[in-house]
Amino acid sequence: MKGGYLHILIENRCTRTYSTAMFQRLLCRLLPAGVLLLAGEFAGAANAIRAASLEALAADSARLQLQLSAPPRQKVFSLDNPHRVVIDLPAAQLARGLKLPAAAGPVRSLRSGARPDGTLRLVMELDRDLAPRVTASGTQLTVELGSAPAAAAPVPVHAAHAPANDGRDIIVAVDAGHGGEDPGATGASGTHEKDVTLAIARALAKRIDAEPGMHAYLTRDADRFIALRDRIDLARRAHADLFVSIHADSIKDRKVGGSSVYVLSEHGASSEAARWLAEGENAADLKGGVSLGDVPAPLASVLMDLSQTTSITHSMEAANLVLGQLDHVGTIRKSQVQQAGFLVLKSPDIPSMLVETAYISNPAEEKKLRSAAYQAQLAEAILDGLRQYCRDNPPDGTLFARQRAASGVPATIVADSPRP
């Protein structure tokens, strides 16, 4: 700790800063005087949970509230066998003498443990599968537990316009960003991103359903909140072949405008693969019927890596085609497909993209985003790109695959392209 400093609060509330060497000389004199050592550079700052409450809202819902000494940084996820919700709080600890609340409602127990990296882990063991909804306000963290999002309605293998003997539809999960208590960005005129994205998603879904051989599944068709991982889960339950998340960008500089398209970064893919393999989700099946739970861990890691690499490659191909079509509608903010670690893109085996349709923070683009005509233009452009991708890379057993085979044109092999 050479050169470090420590902040010391004496009983009379006056604060002084000492060098490490000074602290070592003063330590034995100060401790008997009732010194409270505040975490600083010397000890590593810790966010203390000062109070905790657990309330049963109903037989299948509960609310955990934590009051901390500083705004929290949390990671919340679910585990199975048994059902658990895990809350990781980096650089955190329980305040001295604090006892966690007893079981309540569907929560069988609440326990805590310190991890080697200084993270405080809270684990709620549940009597059933419940989805966590997390909100943070100042120094308060609230985790509400409730019934998981309803499973996707059975997706028809064929829409009415696709005869059963012509192959199944390609299923596109269309995800309207934000929703419910999460409005997303808000324009100068008061336009909420959640409303714009829902309108564009509906317009896109309508057009996909009108396309022979394609079928849309909306992750939300109303103004409601859905957690990011739940959006991925809903797409998987719908057996989606593609995932498209619709957003409207925002930035402080109101002159900035244009569209951009994102796919998952390789770093984001690696972290997600590690999460799957480390947290027990490796028992899930990848598309194609490959179960990672039936193979040794090293092979499971290889299979996961191959699946995600293939998914990113196909995501990049589809996103490039969508970006090219958006160039015909308005300004393109970024001329190449971007890569980022957005959670909503982290499906390990469904090609996924996030479309920033325009900047809601730009007054001119906000006005256009409110227009049904412009929403339709954006939807048409996205569909055009998706349709071309499906023609070039039709999944086996689909109407598009049969049509391509009948034409004598082999399916496109998507090669890795240079990462922008």
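Residues numbered from 1 in each chain as written. Predicted model: local features only at pLDDT ≥ 70, side-chain atom pairs only at ≥ 80, totals over all residues. Heavy atoms only, no water.

*Asks:* Honestly, the sheet that holds strand β11 (residues 130-137) in this entry has me stumped. Any pointers?
*Replies:* What holds strands together in a sheet is hydrogen bonding between their backbones, with the strands either parallel or antiparallel. Taken together, five strands build an open sheet; the order of strands is β8-β4-β5-β12-β11 and the sheet is mixed. Looking at the sheet topology across the chains shown, the edges are occupied by β8 (92-94) and β11. Going across the sheet, the axis of each strand differs from the next one's by a mean of 30 degrees, ignoring polarity. (Pairing = 2+ DSSP bridges. Helix = DSSP H or I, 4+ residues; strand = E, 2+ residues; numbered from the N terminus. Axes fitted to C-alpha atoms, helices over the stretch in contact; angles between N-to-C directions.)

*Asks:* Just checking my understanding: could you explain the sheet that holds strand β14 (residues 214-218) for this structure?
*Replies:* Strand order across the open sheet formed by six strands is β14-β13-β15-β18-β16-β17, with mixed pairing between neighbours. Edge strands, defined here as strands with exactly one partner in the open sheet, are β14 and β17 (338-340). Pairs of neighbouring strands in the sheet enclose a mean axial angle of 30 degrees, with direction left out of account. With respect to the sheet, helix α3 (residues 228-237) is in contact with β13 (170-176), β14 and β15 (242-249), its orientation differing from that of β13 by roughly 160 degrees. (Contact = heavy atoms within 4.5 Å.)

*Asks:* What is the right way to look at the nonpolar core in this model?
*Replies:* With 44 residues, the main nonpolar core has Met353 and Leu386 as its most contacted residues. For this core, the secondary structure elements donating two or more residues are β13, α2 (193-209), β14, β15, β16 (260-264), α5 (297-326), β18 (352-359) and α7 (372-392). The biggest single contributor to this core is α7, with nine residues. Residues contacting methionine 353, with those up to four places away along its chain left out, are Phe243, Val244, Ser245, Val261, Tyr262, Val263, Ala318, Ala319, Val322, Leu345 and Leu386. Leu54, Ile87, Leu110 and Leu141 belong to the second largest nonpolar core, which has 21 residues in total. (Core = buried A, V, L, I, M, F, W, Y, C linked by side-chain atoms within 4.5 Å. Buried < 20%, exposed > 50% of the residue type's maximum accessible area, 1.4 Å probe, protein only.)

*Asks:* For this particular structure, what's the right way to read the confidence of the model for the protein chain?
*Replies:* Low-pLDDT portions of the prediction should not be read for the details of their coordinates. Mean pLDDT over the protein chain: 80, with 73% of residues reaching 70 or higher. Counting interchain partners and residues more than four positions distant, the pLDDT-below-50 stretch residues 1-45 has 53 contacts. In this model, residues 151-165 is a region of pLDDT below 50 whose contacts with residues beyond four sequence positions or in other chains number 26 contacts. (pLDDT = per-residue confidence, 0-100.)

*Asks:* Quick question: what am I supposed to make of empty space enclosed by the protein here?
*Replies:* Vacant regions in the atomic arrangement are exposed by a probe of water-molecule size rolled over the atoms. Counted by the stated rule, this structure contains one cavity of 30 Å³ or more. Reported here for the largest cavity is a volume of approximately 60 Å³. If you trace the largest cavity, you find twelve residues lining it, with Leu264, Ser311, Ile312, Leu345 and Ser347 closest to the centre. Broken down by secondary-structure element, the contributors of at least two residues to the lining of the largest cavity are β16 and α5. Considering every element that reaches the lining of the largest cavity, the biggest residue donor is α5, with four residues. (1 Å grid on protein atoms, 1.4 Å probe; cavity = no way out; pocket = protein on both sides within 12 Å on 5 of 7 lines; lining within 4 Å. Points joined across faces, edges and corners; volume = space filled by probe spheres on them.)

*Asks:* For this particular structure, what's the right way to read the environment of alanine 136?
*Replies:* Checked against the element boundaries, alanine 136 lands in strand β11. Considering only alpha carbons, one finds alanine 136 and glutamine 65, 71 residues apart in sequence, at a separation of 9.7 Å. Setting aside anything within four residues of it in sequence, one finds alanine 136 in contact with Pro72 and Leu141.

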